[in-house]
Amino acid sequence: MKFLIITGMSGAGKTRAADVLEDMDYYCVDNIPAALLPKLAEFCAGLGGRYEKVAIVTDLRDAGGVSAIFEALEQLKAQGCVYEILFMAADVLTLIRRYKESRRPHPLQAEAGSLEAAVALEAMRLERLRECADYLIDSSSLTLGQLQREIYRRLVGDEDGRTLRVCVMSFGFKYGIPAEADMVLDVRFLPNPYYVSELREKSGMDQEIWDFVFRHGASNKFVELADQLITFLLPQYVEEGKHMLTIAVGCTGGRHRSVAVARALAERINAQGHPAELVNRDMNRQEGAR
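Residues numbered from 1 in each chain as written. Predicted model: local features only at pLDDT ≥ 70, side-chain atom pairs only at ≥ 80, totals over all residues. Heavy atoms only, no water.

A. Quick peek at the pattern of salt bridges. A full pass over the atoms with the stated rule returns twelve salt bridges. Between K14 and D59 there is a salt bridge, and its shortest N-O distance comes to 3.4 Å. Here D59 lies in the loop between β3 (53-57) and α3 (65-78) and K14 lies in helix α1 (residues 14-23), a separation of 45 residues in the sequence. Residue K14 shares its accessibility class with D59, and that shared class is buried. When the shortest N-O distance is used, the salt bridge between E101 and R97 registers 3.5 Å. Here E101 and its partner R97 are both found in helix α4 (residues 92-102), four residues apart, which amounts to about one turn of the helix. Here E101 falls in the exposed class, since its relative accessible area comes to 56%. (Salt bridge = Lys/Arg side-chain N within 4 Å of Asp/Glu carboxyl O. Helix = DSSP H or I, 4+ residues; strand = E, 2+ residues; numbered from the N terminus. Buried < 20%, exposed > 50% of the residue type's maximum accessible area, 1.4 Å probe, protein only.)

B. Layout of the confidence of the model for the protein. On average, residues of the protein score 89 in pLDDT, and 95% of them are at 70 or above. Averaged pLDDT values for the elements of the protein fall to 85 in helix α7 (residues 144-155) and rise to 97 in strand β7 (residues 183-186). (pLDDT = per-residue confidence, 0-100.)

C. The arrangement of the sheet that holds strand β1 (residues 2-8) in detail. If you walk across this open sheet you meet the five strands as β2-β3-β1-β4-β5, and the pairing is parallel. Across the chains shown, the open sheet's two edge strands, defined by having one partner strand only, are β2 (27-29) and β5 (135-138). Neighbour-to-neighbour, the strand axes of the sheet open up by a mean angle of 20 degrees, direction not taken into account. Where α7 meets the sheet, its contacts fall on β1, β4 (83-89) and β5, and the angle it forms with β5 comes to roughly 165 degrees. (Pairing = 2+ DSSP bridges. Axes fitted to C-alpha atoms, helices over the stretch in contact; angles between N-to-C directions. Contact = heavy atoms within 4.5 Å.)

D. Molecular detail of the nonpolar core. In this structure, F3, L4, I6, L21, L73 and I151 are the most contacted members of the largest nonpolar core, which totals 56 residues. Residues within four places of F3 in sequence aside, it is in contact with L37, A41, V54, I56, L76, C81, V82, Y83 and E84. Core analysis: the next-biggest nonpolar cluster, separate from the first, contains 32 residues, V223, A226, L234 and L265 among them. (Core = buried A, V, L, I, M, F, W, Y, C linked by side-chain atoms within 4.5 Å.)

E. Region of the structure containing the pairing of β7. Of the two faces of β7, only the one carrying M183 and L185 is buried; V184 and D186 on the other face are not. Direction of pairing for β7 relative to strand β8 (residues 244-251): parallel, over a ladder of four bridges. Within the sheet, the bridge partner assigned to D186 lies in β8 and is G250.

F. Structural context of the packing of aromatic side chains. Per the counting criterion, the structure on display carries five aromatic pairs. Ring centres of Y194 and Y195 lie 5.3 Å apart, and the angle between their planes is 90 degrees; on these two criteria the pair is classed as edge-to-face. Y194 gets classed as buried once you look at its relative accessible area, which sits at 17%. For Y195, a relative accessible area of 56% puts it in the exposed group. R128 extends its terminal NZ or CZ atom over the ring of F70, reaching a point 3.8 Å from the ring centre. Over the ring of Y194 we find R200, and its NZ or CZ is 4.5 Å from the ring centre. (Phe/Tyr/Trp six-rings, centres within 6.5 Å; stacked < 30°, edge-to-face > 60°. Lys NZ or Arg CZ within 6 Å of the ring centre and 35° of its normal.)

Written out as structure tokens, the structure is:
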């Protein structure tokens with residue numbers, strides 16, 4: 001089991017780092033008391049591989065302070081638990097700005113008297129923990145996409161190993177545009193198999209419908225152009241830090257044209273190395289799809 005402890009300065013991006021790790025298939029728990037770390041590690045290890053990668057956020061919000069964290073680390077060592085520490089940092093001005101923007105009090109502000117003094121006090125108390133960290137990331141000037149890339153680089157060793165999961169969803173406009181759609185493509189301009197009696201009951205997953213749709217030059221040209229656009233966009237979305245993209249392809253009833261085109265696009269996206277799932281939302285509705 002890979003056990004990662006995320007700690008560091010308040011406002012430096014610990015929760016954001018946990019979100020990135022969750023997308024990397026880590027089981028993440030935010031703001032857990034340090035005293036519970038050994039129990040949690042023991043619990044996860046005892047589940048027979050159910051939790052292969054675990055990331056825990058703990059910091060000075062714990063009532064026991066930094067001493068409680070070190071006590072927990074000693075217990076983890078005694079249990080034979082191999083762990084790593086990711087320490088999130090940022091410069092003083094960035095931390096002050098983030099707290100002012102969030103309008104939330106710093107956990108040490110009441111004790112220190114001012115926000116700047118609280119940041120300085122926390123930095124002093126965490127200095128020893130910072131020195132023990134396996135990974136140190138300064139988030140001062142990082143966007144979410146850059147933070148994601150940095151975490152991949154540190155923990156995986158290959159920042160280019162990031163993948164964007166794509167869902168290509170066919171749908172019928174008569175049933176409404178999917179709420180989760182990031183991009184909507186309208187293929188109602190293509191010739192409609194619905195008006196061919198022997199094809200009406202078939203779907204875009206059948207070869208006869210595929211042949212009907214793609215024997216028209218406009219269909220092939222549309223898929224070509226859509227593929228060019230998607231090919232351009234996918235690395236941009238990865239760079240920005242996006243993990244899931246839903247491309248919705250719609251015709252009138254979501255049974256024929258949209259299914260065939262969505263299927264063609266999903267095949268092309270998979271060929272590029274981006275996992276693409278085909279979902280046919282309205283294909284099996286029994287309301288006379290068109």
